[in-house]
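Chain residues, written in single-letter form:
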Amino acid sequence: MIKYIDLFSGIGGIRLGAKQALEKMQIHSKCVLSSEINEKACETYELNFGERPQGDIKQIMDIEPFDFLLAGFPCQPFSYAGKRRGFGDTRGTLFFEIERILEKYRPKAFLLENVRGLRTHDCGRTFETIMLKLHDLGYGTIELMLNSSDFGVPQNRVRLYILGIYGATPTMNLVTNLGAADSHKYKNTYQQLSIFDDTKKRNCTVGDILESDVSEKYFCSFEFTEQLHSVMGEDLSKLHGYRLIDYRGGQSLHSWELGKKGRCTSPEMNLLIQNRRKHNFGTHQDGKKLTLEQIKTFYKDDDIITVITSLIEKGYLKESDGKYNPVCGNMSFEVFKFLDPDSISITLTSSDANRLGVVQNNVPRRITPRECARLQGFPDTFIVNPIDSFAYKQLGNSVPVVESVIYDFLKNNIDVLGWFEKCPLVVNE
């Protein structure tokens, strides 16, 4: 029997993927330790695995011998520790706990998962420090960055996976692939491939994970729905792929177009948004504050003072030291992004998964916790937290794709791992 531990386990996304991959390889396995500090995540974990994770990993000193370490560890900055103790020191970071356990127990293999930004954090020094520590402990490693949208999960989610074997260097068929940069590029790429190869298997899209019978509590409010109709007309399917945000242009709706703070002449505001990002006014990503004289270079009508005064009174524009800037109202939108059913979702996050939306049967609504779970690749047998606010947060912070990564890892390294000799070829009950 292969024994593994599940550190920083969250609601069990990595454990579930590992279990599925091990079963697919017919390797009998057992989780001998799980550790998670968030109590609500522990509740969801227990609902699904019948056991409650132990708490703070820093307090866990004794572990039953095990073969495989799994950890989706938080990326705490290494800079502070580095400034105090010198480059290459991991003390004071949560990776140090992984390092401590690997050094003490020397399991045959590990899988670490993290955000793609770990690769470039602190000009790459954080990642270099981690890899040096793993190699110093005797592990050969391979790292991959993969997009879940390439693995039948309809979400643009790129994550870093580090796999290691004690005393050997892993080999894998999978290679780093960041996938489509956004849902629009994904959709365009798929449509082009379909034109030239109608036998190509269609990838999973948002439309495939939508529930058919959704409670009205997820519907957008009547007022918000009417505001959407006032801009888009009767057919709200035109909202597919739209973002609701005040500072950006492109395929987006703004609070002044919806009249959230009162009706106004939105073209003037859109003109300001478009021009304030021009390089002749500065190189700020979302544009810079503009003076009246700068605004006059692109707004030619004589009523400019009246328009600006009205926009300030309604709260769409603010003035500071003679310069004008739009007032950001992003968090006030019930939905900040309407997903395109024919494409993939943007990356789910713990802070705003509850404000992703979709238009279904011409009804605008928020996606449900179950749909969030499906966007992360969880099967419908997985029990989400019964309280929606906790479910959204937990699912937005979970881990997809792990089954494919671990299966490829096992398939290509099983002889080196020697796990077939250690356990019977029996599917885990």
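Residues numbered from 1 in each chain as written. Predicted model: local features only at pLDDT ≥ 70, side-chain atom pairs only at ≥ 80, totals over all residues. Heavy atoms only, no water.

1. Description of the overall build of the protein
Basically, it comes down to this: A helix here means a DSSP run of H or I that spans at least four residues, while a strand means a run of E at least two residues long, and both kinds are numbered starting from the N terminus. For every residue, the accessible area (1.4 Å probe, protein chains only) is compared with the maximum for its type, and the residue is labelled buried under 20%, exposed over 50%, or partly exposed between those bounds. The criterion used for residue contact is that any of the two residues' heavy atoms lie within 4.5 Å. Areas reported here follow the Shrake-Rupley algorithm with a probe of radius 1.4 Å; residue values treat only the protein chains shown as occluding.
When helices and strands are counted, the protein shows 15 helices and 14 strands. Out of the 429 residues belonging to the protein, those deemed buried represent 51%. Relative to all contacts within the protein whose residues are 6 or more apart in sequence, the contacts with residues 24 or more apart total 70%. When the accessible surface of the protein is totalled, it reaches about 20100 Å², and 49% of it is carbon and sulfur.

2. A few points about the sheet that holds strand β1 (residues 2–7)
This is how the line gets drawn: By the convention used here, strands pair only if DSSP detects at least 2 bridges between them. With axes taken as lines fitted to C-alpha atoms, and helix axes fitted only over the stretch in contact, angles between N-to-C directions fall between 0 and 180 degrees.
The strand order across the open sheet built from six strands is β2-β1-β3-β4-β6-β5, with neighbouring strands paired in mixed fashion. Since the sheet does not close on itself, it has two edges, and those belong to β2 (29–35) and β5 (139–147), each with one partner. Averaged over all pairs of adjacent strands, the angle between strand axes in this sheet comes to 20 degrees, irrespective of strand direction. As judged from the four bridges shared by β1 and strand β3 (residues 68–71), these two strands associate in the parallel manner. Pairing of Asp6 across the sheet is with Leu70, part of β3. Helix α1 (residues 13–24) rests against β1, β2, β3 and β4 (109–115) of the sheet, and its axis sits at about 160 degrees to β1. Where helix α4 (residues 95–105) meets the sheet, it contacts β1, β3, β4 and β5, and its direction lies at approximately 175 degrees from that of β3.

3. Observations concerning the pairing of β5
Buried residues dominate β5, accounting for eight of its nine residues. Two strands pair when backbone bridges link them, and β5 and strand β6 (residues 158–166) are joined in this way by nine bridges, in the antiparallel orientation. The residue of β6 that forms the bridge with Gly140 is Ile165.

4. A word on the sheet that holds strand β10 (residues 317–320)
As summarised here, the arrangement of the three strands in space is β9-β11-β10, forming an open sheet in which the pairing is antiparallel. The sheet is open, and its two edges are formed by β9 (290–291) and β10, each paired on a single side. The sheet strands contacting helix α11 (residues 304–314) are β10 and β11 (323–326), and the helix crosses β10 at an angle near 105 degrees.

5. A short note on the environment of Pro65
Residue position: Pro65 is located in the loop between α2 (39–49) and β3. Sequence-wise, Pro65 and Lys104 are 39 residues apart; in three dimensions their C-alpha atoms are separated by 10.0 Å.

6. Comments concerning the packing of aromatic side chains
Where we set the bar: The aromatic pairing rule takes the rings of Phe, Tyr and Trp, using the six-membered ring of Trp, and pairs them if the centres are within 6.5 Å, calling planes under 30 degrees apart stacked, those over 60 edge-to-face and the rest tilted. Counting as a charge over the ring demands two things of the Lys NZ or Arg CZ atom: a distance within 6 Å of the ring centre and an angle within 35 degrees of the ring normal.
Enumeration over the complete set of coordinates arrives at eight aromatic pairs. Relative to Tyr105, the ring of Phe66 has its centre 5.7 Å away and its plane inclined at 45 degrees; by these criteria the two rings are tilted. Of this pair, Phe66 sits in the loop between α2 and β3 while Tyr105 is found in helix α4, placing the two residues 39 residues apart along the sequence. Across the pair, Tyr105 and Phe66 agree in class, each one buried. Members of the aromatic cluster, connected to one another through ring pairs, are Phe68, Phe409 and Trp419. Here Lys24 stacks its cationic end above the ring of Tyr407, 4.4 Å away from the centre of that ring.

7. Focus: α2
An α-helical turn contains 3.6 residues, so a residue and the one three or four places further along point in the same direction. In plain terms, the rule: The reported arc concerns the directions from the helix axis to the C-beta atoms and nothing else. N or O atoms closer than or at 3.5 Å make up a polar contact, with two conditions inside protein: a donor-capable atom paired with an acceptor-capable one, and, for residues adjacent in sequence, both atoms drawn from side chains.
Taken as a whole, α2 has its buried residues at Ala41, Cys42, Thr44, Tyr45 and Phe49. Down the axis of α2, the smallest arc covering the buried residues is 165 degrees, so these residues share one side. In this structure, the buried residues of α2 make contact with β1, α1, β2 and α13 (388–396). A distance of 3.1 Å separates the backbone nitrogen of Lys40 from a side-chain oxygen at the start of α2, and that oxygen is part of Asn38. A positive backbone phi angle near 70 degrees is found at Gly50, which sits one or two residues after α2.

8. Section: the nonpolar core
Test applied: The nonpolar core is taken to be a set of buried Ala, Val, Leu, Ile, Met, Phe, Trp, Tyr and Cys residues, with the residues joined through side-chain atoms within 4.5 Å.
Within the largest apolar cluster, 59 residues are counted, with the highest numbers of intra-cluster contacts made by Phe68, Leu111, Val405, Ile406, Phe409 and Leu410. Broken down by element, the residue count for this core peaks at seven residues, all from helix α14 (residues 402–417). Residues within four places of Ile406 in sequence aside, it is in contact with Ala18, Ala21, Phe68, Leu70 and Leu111. Ile98, Tyr105, Leu112 and Leu137 belong to the second largest nonpolar core, which has 31 residues in total.

9. Considering unusual backbone geometry
Its identity as a non-glycine residue notwithstanding, Arg106 has a phi of 45 degrees, on the positive side. Here Arg106 shows up in the loop between α4 and β4. With phi around 60 degrees, Cys123 is a residue other than glycine that occupies positive phi space. Counting through the fold element by element, Cys123 comes out in the loop between β4 and α5 (125–136). A relative accessible area of 72% means that Cys123 is categorised as exposed.

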